[in-house]
Amino acid sequence: MRIKTKSSRVVYSGRVFNLRSDRIQLPDGRLSTLDILEHGGAVVIVPQTAMGDFLMIRQYRHAAQTMLLEFPAGTLEPGEDPLVCAQRELREETGYSAKNFVKIGGFYLAPGYSTEYLHVYFASGLEQSPLPKDSDEWLDVETHSMSTLLALVEEGGLEDAKSLAAFFLVTKSLDKTGID
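Reference entry: report on the structure contained in this document. Since the structure is predicted, the reported quantities are computational estimates derived from the model, not experimental observations.

Before going further, it helps to examine the overall build of the protein chain. Per the secondary structure count, the protein chain includes three helices and 10 strands. Element order for the protein chain, N to C, with α for helix and β for strand: β-β-β-β-β-β-β-α-β-β-β-α-α. In terms of its C-alpha atoms, the protein chain occupies a principal-axis envelope of roughly 60 × 35 × 30 Å. Counting the 180 residues in the protein chain, one finds 39% classified as buried. A sequence separation of at least 24 residues applies to 56% of the contacts in the protein chain between residues at least 6 apart.

Next comes the structure, spelled out in structure tokens:
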């Protein structure tokens, strides 16, 4: 399918994202306007302890107006390697570093309106190695077993899309390869 961008302009520039308005020509010749959230990408880390449990964080998300259980994650700095970002975010959000990082996949968060792409890493060989948290982050670290997470998914208790997708990717990777 061929879509032509006729014009594009940034209508808002923010700290984390820009909002762009694109005027496009559809395959049948009609014109349409799309609002696009420009985001530099992010990482999601699925850290597994030596006992086989997973480290997660619980934090308040103002847009959702609730506390959410999530895997550690963070936004890429401009030009930053996703692995470097994953290593930093794991330390900032959980207080642990990992000896092993394996990229297990990636996905677009909401491709209907956003450019944000998330890189997913499995992390193991955890050791305490904290970095200071971001000044606007208030979060608690929790440990959950695979069976507890499976039950949360089935009951609707894991509501964060990136964490659901990352959990799906890691369970499939563990089934296939037993990644460490």
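Now that the structure is up, let's keep going.
The subject of this paragraph is the sheet that holds strand β5 (residues 54-61). Strand pairing in a sheet takes place through backbone hydrogen bonds and is either antiparallel or parallel in direction. Overall, antiparallel pairing links the three strands, which are arranged β6-β5-β10 in an open sheet. Whereas interior strands pair on both sides, the edge strands pair on one side only; in this sheet they are β6 (66-70) and β10 (139-144). Between one strand and the next, the sheet's axes are offset by a mean angle of 30°, whatever the strand orientation. Direction of pairing for β5 relative to β6: antiparallel, over a ladder of five bridges. Bridging across to β6, R58 finds its partner in L69.

Turning next to the pattern of salt bridges. Under the defined criterion, the tally for this structure stands at 11 salt bridges. Note that R20 is salt-bridged to E38, the shortest N-O span being 2.9 Å. With R20 in strand β2 (residues 17-25) and E38 in strand β3 (residues 31-39), this pair connects stretches of sequence that are 18 residues apart. Taking the relative accessible area as the measure of exposure, E38 reaches 22% and is therefore partly exposed. A salt bridge links R88 to E80, with the nearest nitrogen and oxygen atoms 2.3 Å apart. Each of R61, E70, D160 and K162 takes part in salt bridges that share partners, so that together they form one network.

With that settled, consider unusual backbone geometry. Even without being a glycine, Q65 presents a positive backbone phi close to 60°. Tracing the sequence through the fold places Q65 in the loop between β5 and β6. Judged by relative accessible area, Q65 falls into the exposed class, the value being 51%.

All right, on to a nonpolar patch on the surface then. Side chains of V11, Y12, V16 and F17 sit close together on the surface and give an oily, nonpolar patch of about 330 Å² of accessible area. Relative to the helices and strands, V16 is located in the loop between β1 (4-13) and β2. Residue V16 is classed as partly exposed on the basis of its relative accessible area, which comes to 35%.

Moving on: the sheet that holds β1. Here we have three strands laid out as an open sheet, ordered β1-β2-β3, and antiparallel in their pairing. Both edges of this open sheet fall to β1 and β3, since each of them pairs with a single strand only. Averaged over all neighbouring strand pairs, the angle between strand axes comes to 25°, with direction disregarded. By the bridge criterion, nine bridges tie β2 to β3 in an arrangement that is antiparallel. Looking at β3, one finds that Q25 is bridged to L31.

A few words on the packing of aromatic side chains. Summed over the entire model, instances satisfying the criterion amount to five aromatic pairs. Ring geometry for F54 versus F167: centroids 6.5 Å apart, planes at 85°, classification edge-to-face. Here F54, found in strand β5, pairs with F167, found in helix α3 (residues 161-177); they are 113 residues apart in sequence, far enough to count as distant. The same class applies to F54 and to F167, which are both buried. Seen in terms of ring centroids, F101 and Y121 are 6.3 Å apart; in terms of plane orientation they differ by 75°. Their pairing is edge-to-face. Here the residue F101 occupies a position in strand β8 (residues 96-108), and Y121 occupies one in strand β9 (residues 117-128), the gap between them amounting to 20 residues. Connected via pairs of aromatic rings, a cluster forms that spans F54, F71 and F167.

Thresholds applied
Residues numbered from 1 in each chain as written. Predicted model: local features only at pLDDT ≥ 70, side-chain atom pairs only at ≥ 80, totals over all residues. Heavy atoms only, no water. Helix = DSSP H or I, 4+ residues; strand = E, 2+ residues; numbered from the N terminus. Buried < 20%, exposed > 50% of the residue type's maximum accessible area, 1.4 Å probe, protein only. Contact = heavy atoms within 4.5 Å. Pairing = 2+ DSSP bridges. Axes fitted to C-alpha atoms, helices over the stretch in contact; angles between N-to-C directions. Salt bridge = Lys/Arg side-chain N within 4 Å of Asp/Glu carboxyl O. Patch = residues over 30% accessible without salt bridge, like charges linked within 9 Å, V, L, I, M, F, W, Y side chains within 5 Å. Areas by Shrake-Rupley, 256 points an atom, 1.4 Å probe, with all protein chains shown as cover. Phe/Tyr/Trp six-rings, centres within 6.5 Å; stacked < 30°, edge-to-face > 60°.

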